[in-house]
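Descriptive structure summary
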Amino acid sequence: MRVGVVTFPGSLDDQDAARAVRLAGGEAVSLWHGDCDLRGVDAVVLPGGFSYGDYLRCGAISRFAPVMEPLIAAAKGGLSVLGICNGFQVLCEAHLLPGALIRNDHRMFVCRDQRLSIERTDTPWTNQYQRGEEIVIPLKNGEGGYVADDATLDMLEGEGRVVARYVGGNPNGSYRNIAGVSNEAGNVVGLMPHPEHATEPFFGPDPRSGTTGLDGMRFFTSLLEKVAAA
Amino acid sequence: MGRIVVDVMPKPEILDPQGKAVAGALARLGYDEFGAVRQGKRFELEVDGEVTPELLGRAREAAGLLLSNPVIEDVVNVSADESADESADDDAVVS
């Protein structure tokens, strides 16, 4: 199971994403934004960070990086792709996912352990969760407000494409408390909070908060399960 | 040297946190007659020679592809900047 992790100039969480892949039992393959091929990987993670300094709009310049051309084609063909935080912004800019992410409504950077409810569990990234299960993983963003027009939001909810929602307060003004969405087939998932930061004891959310601190791990073990079953 | 100006604004229905912050600061400075502020972006694209209809067409294409995100923004203006030549002269005087 080879999982590519793309590094753009300004990516921040690529090493953590690669580590999460390894902890889950996969092989992490570094992909460079300037690469023109995906090196035969079975899935791709677009990590968090501030690619291209968030210039123009978050993800707007990365979306046209050379590696995105084969990635967009492969994603449309069914390749499993997870975009976390900045990666989610890149997927929206690439129109692989609907909507967009704008500056938090309260205009402050938010960094905290965040409760989420997992709502779509038939994706390669979430099949190890129960529908409606609440998890806690870190959230850290300045531009994490998920927005789309009402017709798009209705469509996402009607088709069951909301992957995760914020629970216990909306941290960034996201419409309908949406924390993550998927494409129609479910192989492409974008998520604003960071599952890769909740995969190792004592390095994720505080276990004293009543969670294991490892709630993010199943995003990565789900993938292995999916590939093993395929 | 010609110049094309592209103006991009957040869509009216999308929250504009930057505009809100600027409106708050204006009010604190006593400019309370400006009830709301929306902040957009202006791009200046330089071209060799005259701005032709073809070049404006290319600029419109680039505005839709890269300079704006149609999900959250509108391109409200793509036009030749008539003052481009004058400002080039100004630069010459200053230097």
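Everything here concerns the structure above.
What comes next concerns the included structure.

Definitions and cut-offs
- Residues numbered from 1 in each chain as written.
- Chains lettered and ligands numbered in written order.
- Predicted model: local features only at pLDDT ≥ 70, side-chain atom pairs only at ≥ 80, totals over all residues.
- Heavy atoms only, no water.
- Contact = heavy atoms within 4.5 Å.
- Buried area = accessible area lost by both parts, 1.4 Å probe.
- Salt bridge = Lys/Arg side-chain N within 4 Å of Asp/Glu carboxyl O.
- Helix = DSSP H or I, 4+ residues; strand = E, 2+ residues; numbered from the N terminus.
- Pairing = 2+ DSSP bridges.
- Axes fitted to C-alpha atoms, helices over the stretch in contact; angles between N-to-C directions.
- Buried < 20%, exposed > 50% of the residue type's maximum accessible area, 1.4 Å probe, protein only.
- Phe/Tyr/Trp six-rings, centres within 6.5 Å; stacked < 30°, edge-to-face > 60°.

On the side of chain B, 17 residues touch chain A, which itself brings 15 residues to the contact. Surface buried jointly by chain A and chain B totals about 1400 Å² across both partners, of which 68% is contributed by carbon and sulfur atoms. Ranking the residues of chain A by area buried against chain B places Leu 56, Arg 57 and Arg 107 of chain A at the top, with a combined share of 37%. Seen at the junction of chain A and chain B, the total is 1 salt bridge.

A word on the environment of Ala 74 of chain A. Residue and element names in this part refer to chain A. Checked against the element boundaries, Ala 74 lands in helix H2 (residues 68-76). The spatial distance from the C-alpha of Ala 74 to the C-alpha of Val 44 is 9.9 Å, given a sequence separation of 30 residues. Once you skip the residues sitting within four places of it in the chain, Ala 74 turns out to touch Leu 38 and Leu 79.

Our focus in this paragraph is the sheet that holds strand E3 (residues 73-80) of chain B. Residue and element names in this part refer to chain B. Taking strand neighbours across the sheet as the criterion, the 3 strands line up as E2-E1-E3 in an open arrangement whose pairing is antiparallel. Every interior strand has two partners, whereas the edge strands, strand E2 (41-47) and E3, have only one. The sheet shows a mean angle of 20 degrees between the axes of neighbouring strands, direction not considered.

Here we come to the sheet that holds strand E7 (residues 134-141) of chain A. Residues and elements named next belong to chain A. Overall, mixed pairing links the 9 strands, which are arranged E2-E1-E3-E4-E11-E10-E9-E6-E7 in an open sheet. Both outer strands of the open sheet, strand E2 (27-32) and E7, are each paired with one neighbouring strand and no more. The average undirected angle you get between the axes of adjacent strands in this sheet is 25 degrees. Examined bridge by bridge, strand E6 (residues 110-118) and strand E9 (residues 162-166) share 3 bridges and lie antiparallel to one another.

All names here are of chain A. Under the counting rule described, the total for this entry stands at 23 salt bridges over all chains. Across the salt bridge formed by Glu 133 and Arg 218, the nearest N and O atoms sit 2.7 Å from each other. On the criterion of sequence distance, the pair formed by Glu 133 in the loop between E6 and E7 and Arg 218 in helix H5 (residues 217-229) is long-range, its members being 85 residues apart. According to the relative accessible area criterion, Glu 133 is buried, its value standing at 19%.

With that out of the way, let us pick up unusual backbone geometry. Residues and elements named next belong to chain A. A positive phi angle is found at Asp 54, which is not glycine, with a value near 60 degrees. Its place among the elements puts Asp 54 in the loop between strand E3 (43-46) and H2. Here the phi dihedral of Arg 107 falls at roughly 70 degrees; this positive angle occurs in a residue that is not glycine. With respect to the element layout, Arg 107 can be found in the loop between strand E5 (100-102) and E6.

Attention shifts here to the packing of aromatic side chains. Counting across every chain of the model gives 3 aromatic pairs over all chains. Ring centres 5.9 Å apart and planes at 15 degrees place the aromatic pair Phe 88 of chain A and Tyr 146 of chain A in the stacked group. Here Phe 88 of chain A is found in helix H3 (residues 86-93), whereas its partner Tyr 146 of chain A is found in strand E8 (residues 145-147), with 58 residues between them in sequence. For Phe 88 of chain A, a relative accessible area of 0% corresponds to the buried category. Residue classification places Tyr 146 of chain A among the buried residues on the basis of a relative accessible area of 0%. With 6.3 Å between their ring centres and 20 degrees between their planes, Tyr 31 of chain B and Phe 34 of chain B make a pair best called stacked.

Any functional reading would require information that these geometric values do not contain.
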